[in-house]
Amino acid sequence: MASIFTKIINREIPSDIVYEDDLVIAFRDISPQAPVHILIVPKKEIATVNDVTAEDEMALGRLFTAAAKIAEENGIAASGYRLMVNCNEDGGQEVFHIHMHLLGGRNLGPMLAKHD
Ligand code: 5GP
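All values derive from a computational prediction rather than experimental measurement.

Asker: If you had to explain the pattern of salt bridges to someone new, which residues and values would you point to?
Answerer: A complete count under the given rule lists seven salt bridges for this structure. Two residues, Asp21 and Arg62, come together in a salt bridge whose shortest N-O distance is 3.1 Å. Note that Asp21 is positioned in the loop between strand E1 (17-20) and strand E2 (24-28) and Arg62 in helix H2 (residues 57-73), a separation of 41 residues in sequence. Note on Asp21: relative accessible area 16%, which makes it buried. Connected through shared salt-bridge partners, Arg11, Glu20 and Lys43 make up one network.

Rendered as structure tokens:
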């Protein structure tokens, strides 16, 4: 079954798309955790980082090129931002189609929440 992000890529469900090229697409997160929260997604449906192969290197490298461009366009390149990729349960992954979170627009604080 197609992932929810493949449905976004295919315009089967709506989203606020901010960038698209031959390999990746980027759209605003439906539940933003920061003033700028954009998901950058390879068009190829790869479930998790564990499923990445060498042939995906071009598309996954493009995530960074797109991130830099989108950060600049959203005015957060100089102030800074965080790029995050979650994997499986302990990583907090909810959508099993690899994606990079681009978060910024405020100071994001420590990298991880503190736990005992
Ligand atoms: P994960 O936890 O898998 O790294 O992140 C999944 C992200 O996808 C979450 O931040 C969630 O808010 C976002 N998300 C889930 N469903 C949709 C959707 O239908 N549209 C958009 N734009 N974002 C979604």
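Asker: Quick rundown of the site of the ligand? Include the residues and the values.
Answerer: Close to the ligand lie 16 residues; Asp29, Gly92, Glu94, His99 and His101 are nearest. Between the ligand and Glu94, the relevant distance is 2.7 Å, taken from an oxygen atom to a main-chain nitrogen or oxygen of the residue. Protein chains shield 85% of the accessible area of the ligand, which is 520 Å² for the free molecule. Of the residues forming the shell around the ligand, the biggest block, three residues, is contributed by helix H1 (residues 4-9).

Asker: Requested: an account of the side chain of His97, with residues and values cited.
Answerer: Looking at where His97 falls in the secondary structure, it is placed in the loop between helix H3 (88-91) and strand E5 (100-104). You can call His97 buried: its relative accessible area is 0%. Here Lys44 takes part through its backbone oxygen, which lies 3.3 Å from a polar atom of the side chain of His97. Setting aside residues no more than four positions away along its own chain, His97 makes contact with Ser3, Phe5, Thr6, Ile9, Val41, Pro42, Lys43, Lys44, Glu45, Ile46 and Ala47.

Asker: Which residues make up the nonpolar core, and what are the values?
Answerer: Ranked by internal contacts, the top residues of the largest apolar core, which has 17 residues, are Ile38, Ile40 and Ile70. Broken down by secondary-structure element, the contributors of at least two residues to this core are E2, strand E3 (36-42), H2 and E5. If one sorts the elements of this core by residue count, H2 sits on top with six residues. Discounting chain neighbours no more than four positions away, the residues touching Ile70 are Val18, Tyr19, Ala26, Ile38, Ile40 and Leu102.

Asker: Pulling in residues and values, what's your account of a nonpolar patch on the surface?
Answerer: Side chains of Val49, Val52 and Val85 sit close together on the surface and give an oily, nonpolar patch of about 190 Å² of accessible area. Looking at where Val49 falls in the secondary structure, it is placed in the loop between E3 and H2.

Asker: Break down H2 for me, with residues and values.
Answerer: Its 17 residues give H2 an end-to-end C-alpha distance of 25 Å, which sits within 8% of 24 Å, the value for a rise of 1.5 Å per residue. Within H2 the residues assigned to the buried category are Ala59, Leu60, Leu63, Ala66, Ala67, Ile70 and Ala71. The buried residues of H2 all sit within an arc of 130° when viewed along its axis, so they share a single face. Facing away from the buried side of H2, by more than 90 degrees, are the exposed residues Glu57, Met58, Phe64, Thr65 and Glu72. Note on H2: the residue one or two positions beyond its end, Gly75, has a positive phi of about 75°.

Calculation notes
- Residues numbered from 1 in each chain as written.
- Predicted model: local features only at pLDDT ≥ 70, side-chain atom pairs only at ≥ 80, totals over all residues.
- Heavy atoms only, no water.
- Salt bridge = Lys/Arg side-chain N within 4 Å of Asp/Glu carboxyl O.
- Helix = DSSP H or I, 4+ residues; strand = E, 2+ residues; numbered from the N terminus.
- Buried < 20%, exposed > 50% of the residue type's maximum accessible area, 1.4 Å probe, protein only.
- Near = heavy atom within 4 Å.
- Polar contact = N/O pair within 3.5 Å; in protein donor to acceptor, adjacent residues only side chain to side chain.
- Areas by Shrake-Rupley, 256 points an atom, 1.4 Å probe, with all protein chains shown as cover.
- Contact = heavy atoms within 4.5 Å.
- Core = buried A, V, L, I, M, F, W, Y, C linked by side-chain atoms within 4.5 Å.
- Patch = residues over 30% accessible without salt bridge, like charges linked within 9 Å, V, L, I, M, F, W, Y side chains within 5 Å.
- Expected span 1.5 Å × (residues − 1).
- Arc of directions from axis to C-beta.

Geometric descriptors of this kind do not, in isolation, establish any biological role.
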